[in-house]
Amino acid sequence: MSDNPLPETTSPVPTPPSLPAMPPPIPTLSAETTRVRAFAEQVRAEMHKTLVGQEELIDMLLVAVLSEGHILLEGVPGTAKTLAIRTLAAVFQVAFARIQFTPDLMPSDIIGTNVFDPRTGEFHLKQGPLFAGLVLADEVNRTPPKTQSALLEAMEERQVTIDGVSHALPSPFLVCATQNPIEYEGTYPLPEAQLDRFMLKVVVPYPQIAEEQSLLARVQQGFRSRNLATAEITPLLEQGDLADYQAEIAKVQVVPAIQHYIVQIVHATRNHRHLLLGASPRASINLLLTAKTCAAIQGRTFVTPDDVKRLAYPILRHRLLIRPEAEIEGYTSERVIEGILGSVAVPR
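Quantities reported herein were computed from a predicted structural model and do not represent experimental measurements.

Asker: When you look at the overall build of the chain in this model, what are you seeing that I'm missing?
Answerer: The secondary structure content of the chain amounts to 14 helices and 11 strands. Put simply, the chain has 348 residues, and 49% of those count as buried. Considering only residue pairs separated by 6 or more positions, the chain has 79% of its internal contacts joining residues 24 or more positions apart. Within the structure as shown, the chain displays about 16,800 Å² of accessible surface, and the carbon and sulfur contribution to it stands at 54%.

Next comes the structure, spelled out in structure tokens:
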């Protein structure tokens, strides 16, 4: 592995002669964003009834829901990925479906199929588990590409097509997928088109020592993850509440300087000498939307460069394809993103 400083792109990231200036400070709080922040704090409190630590995971799940985007969780077995998603469904009180992805799973097992009724002589739709508000795609990389592709239309257009007829999915509709990063036997890499449809990819780490000790104390007191009723989770959403929060988030300001900053970061991935594939325009859009949500749950009416930096990793890490020779030298998506954030001029 080379110890030389990381050369980020084939040429320096261009900075225009007159970078758009940041406006004067905007008041941090408003009645609307204070309400969004209070809601986020309630969600964190309810999620912590089953989860110990995992602050970033909880925040990114919240960002995904409020931004109407799908999320991919990657972590070794036993790090509470499935538990986090089950808890999220209980907190948001939406119809929940779990799909265990296996090599023999067929597309019709996910989206449903038309079934003939001999009594009426007609076909009727038998809906698959995809017709739910929150869908857990557990170990999504264990099923062949043909079945994985059944999610493409659903994730992008919020509908499925069965026998040539389109059927709308519920609103809200969120896919939360999990995958194991260390096991490759019997798995199928997710196609780039499907990865790009995940708004966020979160790496779920092992807990810290103090967190794991706290977890054991909970188990000793009787908590069992298979029975969420013991956690006494309080649902937080009434009908229409989510749309109200999203409407407030839509008002969060992103000044031209921040928009330019986002575009420069994403554009730098397309010119990076260690990447075969950079991020798509969908990444720019998602970075904008999630940064607005991140600002709102902190009680702000405007996005800062720090919001963009925080979301750059979960937005970009699954959209970058490292060159084989760079992988041999030890380059990873995380290292490339870190270098890009260090090279792109931050608006002042």
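Asker: So what exactly am I meant to see when it comes to the nonpolar core here?
Answerer: For soluble globular proteins, nonpolar side chains are generally found buried alongside one another. Judged by nonpolar contacts, the single largest core of 76 residues is most densely connected at F39, I71, L88, F92, V308 and L316. For this core, the element with the highest residue contribution is helix α2 (residues 55-67), accounting for 9 residues. Non-local contacts of F92, meaning those with residues more than four positions away in its chain, are made with F39, V43, L62, V65 and L237.

Asker: Before we go on, may I ask you to explain the layout of surface pockets in this structure?
Answerer: Over the atoms a probe the size of a water molecule is rolled, and this reveals where empty space is left. Taken as a whole, the second largest pocket encloses approximately 580 Å³ of empty space. Along its surface, the second largest pocket is lined by 28 residues, and G78, T79, A80, K81 and L83 are the ones closest to its centre. Of all the secondary structure elements, the ones that give two or more residues to the lining of the second largest pocket are α3 (81-92), β8 (174-179) and α8 (209-220). Looking at side-chain class alone, the lining of the second largest pocket contains 10 nonpolar, 10 polar and 8 charged residues.

Asker: Please clarify how helix α6 (residues 150-157) should be interpreted in this entry.
Answerer: Given 3.6 residues per turn, any residue in an α-helix points the same way as the ones three and four places further on. Here α6 has its buried residues at A150, L151, A154 and M155. Viewed end-on, α6 has its buried residues packed into an arc of 100°, placing them on one side of the element. Phi turns positive, to about 55°, at R158, one or two residues after α6.

Asker: Quick question: what am I supposed to make of the packing of α2 against helix α11 (residues 281-297) here?
Answerer: Two quantities define a packed helix pair, namely the angle between the helix axes and the distance between the axes. For the pair α2 and α11, interaxial distance at closest approach is 9 Å and the crossing angle is 115°. It follows that α2 is roughly perpendicular to α11 by the angle criterion. Every pair of crossing elements has a handedness; the one defined by α2 and α11 is right-handed. Residue-level contacts link L62, V63, L66 and S67 of α2 to L289, T290, T293 and I297 of α11. Counted by class, the contact of α2 with α11 contains 5 nonpolar, 3 polar and no charged residues.

Asker: Would you explain the pattern of salt bridges in this entry?
Answerer: Pairing is possible between side chains that carry opposite charge, provided their charged atoms lie close to one another. Throughout the structure, instances matching the rule amount to 14 salt bridges. The closest approach of N and O atoms between E156 and R282, which form a salt bridge, is 3.2 Å. Here the residue E156 occupies a position in helix α6, and R282 occupies one in helix α11, the gap between them amounting to 126 residues. By relative accessible area, R282 is classed as partly exposed at 24%. Between R317 and E334 there is a salt bridge; the shortest N-O distance is 2.6 Å. Note that R317 is positioned in the loop between α12 (305-316) and β11 (321-322) and E334 in helix α14 (residues 333-343), a separation of 17 residues in sequence. We classify R317 as buried; its relative accessible area is 14%. Overall, E334 belongs to the partly exposed group, its relative accessible area being 31%. Three or more residues joined by partner-sharing salt bridges are found here, namely R44, E56, D59 and R310.

Asker: Help me understand the packing of α2 against α3, please; the structure alone is not making it clear to me.
Answerer: In contact at an axis separation of 11 Å, α2 and α3 are set at 50° when each is read in the N-to-C sense. The orientation of α2 with respect to α3, classified from their angle, is oblique. Seen from above, α2 lies across α3 with right-handed handedness. Side by side, α2 and α3 meet where L57, L61, L62 and V65 of the first sit next to A84, L88 and F92 of the second. Of the residues in the contact of α2 with α3, the class split is 7 nonpolar, no polar and no charged.

Asker: How should I be thinking about unusual backbone geometry in this particular structure?
Answerer: Working note: non-glycine residues mostly have negative phi, and peptide bonds are mostly trans. The amide bond that connects S171 to the next residue, P172, takes the cis arrangement and shows omega of 5°. Looking at the element boundaries, P172 is found in the loop between β7 (165-168) and β8. If you check the backbone angles, E139 has positive phi at about 50° while not being a glycine. Positionally, E139 belongs in the loop between β5 (134-138) and α5 (145-148). The residue D163 is not glycine, and still its phi comes out positive at about 55°. With respect to the secondary-structure elements, D163 resides in the loop between β6 (159-162) and β7. Judged by its relative accessible area of 62%, D163 falls in the exposed class.

Asker: I tried to follow the sheet that holds strand β9 (residues 198-203) on my own but got confused; where do I start?
Answerer: Backbone hydrogen bonds hold the strands of a sheet together, and the pairing may be parallel or antiparallel. Spatially, the 5 strands line up as an open sheet ordered β2-β5-β8-β1-β9, and their pairing is parallel. Two strands close off the open sheet at either side, each with one partner strand: β2 (96-100) and β9. Put simply, the sheet's adjacent strands are angled 20° from each other on average, direction ignored. Summarising the sheet, strand β1 (residues 70-74) and β8 pair through 4 bridges and their orientation is parallel. Paired with L72 across the strands is A177, a residue of β8. Against the sheet, α2 touches β1, β8 and β9, its axis set at about 175° to β9.

What counts as what
Residues numbered from 1 in each chain as written. Predicted model: local features only at pLDDT ≥ 70, side-chain atom pairs only at ≥ 80, totals over all residues. Heavy atoms only, no water. Helix = DSSP H or I, 4+ residues; strand = E, 2+ residues; numbered from the N terminus. Buried < 20%, exposed > 50% of the residue type's maximum accessible area, 1.4 Å probe, protein only. Contact = heavy atoms within 4.5 Å. Areas by Shrake-Rupley, 256 points an atom, 1.4 Å probe, with all protein chains shown as cover. Core = buried A, V, L, I, M, F, W, Y, C linked by side-chain atoms within 4.5 Å. 1 Å grid on protein atoms, 1.4 Å probe; cavity = no way out; pocket = protein on both sides within 12 Å on 5 of 7 lines; lining within 4 Å. Points joined across faces, edges and corners; volume = space filled by probe spheres on them. Nonpolar A, V, L, I, M, F, W, Y, C, P; charged D, E, K, R; others polar. Arc of directions from axis to C-beta. Axes fitted to C-alpha atoms, helices over the stretch in contact; angles between N-to-C directions. Parallel < 35°, antiparallel > 145°, perpendicular 65-115°, else oblique. Left-handed = near helix turned anticlockwise from the far one by under 90°. Salt bridge = Lys/Arg side-chain N within 4 Å of Asp/Glu carboxyl O. Pairing = 2+ DSSP bridges.

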